[in-house]
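Now for the letters of each chain:
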Amino acid sequence: MEQLRKQSGPAARLDAILRHLEPRCACALTSVPTSAQVSVVPQTGRFRYTLDNDVLTTEQRQFYEDNGYLLIKKLVSDEDIERFRKEFMRICKREVNPLGAMIMKDESLRSQYGHSEKVVNKVQDFQEDKELFRYCTLPEVLRYVECFTGPNIMAMHTMLINKLPDSGKENLDKRKIDKLLCLSGQNGI
């Protein structure tokens, strides 16, 4: 500790950052096998945002290029969606408190919805919640993620967005960023 106080400049800042990150680094990385059914060679041809694969049709790839999203109906089972919804409710009710998770609320909705889950609009950094993070490891989800990223997938940030169906807010940001993928489920999760 005495040596830390004697450091200055970049070395001291790096030590401070590492001390802040230490609790999160204590958990081991978990490897989840992927199918590796895609090419990891950057595309120079027709498609910029998807890799050559045997999963997406040409029409789906073109739709993604044009619109910035792709809807795959019934990709995740209704049973899994219900399990994820229940875990989200448990987090909202503070029955569970995943390590490092940040719950973000829209306080302008408090007068209308009180302390219900409808006030919670995001849960970030939920990777330590085994049930919610299971969504990120579902083989059916990873199969599609690989079409955009290739088989070397790592979760750097997790975010669940709870968007009310009647909020009237724009729910799609059409700006495209290379190799950034956002997955969302249907039925409220």
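Residues numbered from 1 in each chain as written. Predicted model: local features only at pLDDT ≥ 70, side-chain atom pairs only at ≥ 80, totals over all residues. Heavy atoms only, no water.

1. Things to note about the overall build of the chain
Here is the rule: Here a helix means four or more residues in a row that DSSP labels H or I, a strand means two or more in a row labelled E, and each is numbered from the N terminus. Buried means the residue's accessible area, taken with a 1.4 Å probe over protein chains only, is under 20% of the maximum for its type, while exposed means over 50%, and partly exposed covers the values in between. Contacts are assigned to residue pairs that have any heavy atoms within 4.5 Å of one another. Residue exposure ignores everything except the shown protein chains as possible cover, and the areas themselves are Shrake-Rupley values with a 1.4 Å probe.
Scanning the chain from N- to C-terminus turns up 7 helices and 3 strands. From first element to last, N terminus to C terminus, the chain shows the α and β order α-α-α-α-β-α-β-α-α-β. When each of the 189 residues of the chain is scored for burial, the buried share is 28%. Here the contacts in the chain between residues at least 6 apart in sequence split such that 64% fall between residues at least 24 apart. For the chain, the accessible surface area stands at approximately 13,300 Å², while carbon and sulfur atoms represent 53% of it.

2. Notes on the nonpolar core
Our working rule: The nonpolar core is taken to be a set of buried Ala, Val, Leu, Ile, Met, Phe, Trp, Tyr and Cys residues, with the residues joined through side-chain atoms within 4.5 Å.
Judged by nonpolar contacts, the single largest core of 17 residues is most densely connected at Val76, Phe88 and Val123. Those elements giving two or more residues to this core turn out to be α4 (78–92), β2 (120–124), α6 (130–137) and α7 (139–149). For this core, the leading source of residues is α4, giving 6 residues. In this structure, Val76 is in contact with Ile81, Phe84, Tyr135, Leu138 and Val141, ignoring residues within four places of it in sequence. Ranked by size, the runner-up nonpolar core spans 7 residues in total, among them Tyr49, Val55, Leu56 and Tyr64.

3. Details of the packing of aromatic side chains
Here the distance between the centres and the angle between the planes together describe a pair of aromatic rings. What counts is decided by this rule: Paired rings are identified among Phe, Tyr and Trp, the last through its six-membered ring, by centres lying within 6.5 Å, and are further divided according to the angle between planes into stacked (under 30 degrees), edge-to-face (over 60) and tilted (the rest).
Enumeration over the complete set of coordinates arrives at 4 aromatic pairs. Taking 5.2 Å as the distance between ring centres and 85° as the angle between the ring planes, the aromatic pair formed by Phe63 and Tyr69 counts as edge-to-face. Classification of Phe63 by relative accessible area gives partly exposed; the value is 35%. Among the aromatic residues, those joined into a ring-pair cluster are Tyr49, Tyr64 and Phe148.

4. Section: helix α3 (residues 58–67)
Owing to its 3.6 residues per turn, the α-helix aligns residues three or four sequence positions apart on the same side. The cut-off we apply is this: Arc definition: directions from the helix axis to the C-beta atoms.
If you check which residues of α3 are buried, you get Arg61, Tyr64 and Glu65. Viewed along the axis of α3, the buried residues span an arc of 100°, placing them on a single side of the element. Set apart from the buried face of α3 by more than 90 degrees, the exposed residues are Glu59 and Asp66. Of the surrounding secondary structure, the elements contacted by the buried residues of α3 are α7. One or two steps after α3, the chain reaches Gly68, where phi turns positive at roughly 80°.

5. Details of the packing of α4 against α6
As a reminder of what qualifies: Throughout, an axis means a line fitted to C-alpha atoms (over the contacting stretch in the case of helices), and angles, computed between N-to-C directions, take values from 0 to 180 degrees. Angles are sorted into four bins: roughly parallel if under 35 degrees, roughly antiparallel if over 145, roughly perpendicular if 65 to 115, and oblique for all others. Should the near helix be turned anticlockwise from the far one by less than a right angle, the crossing is left-handed, and should it be turned clockwise, the crossing is right-handed.
As a packed pair, α4 and α6 sit with axes 9 Å apart at the nearest point and diverge in direction by 140°. Classified by the angle their axes make, α4 and α6 are oblique. Our pair here, α4 against α6, has a crossing hand that is left-handed. Between α4 and α6, the residues in contact are Asp80, Arg83, Phe84, Glu87 and Ile91 and Glu131, Leu132, Arg134 and Tyr135, respectively.

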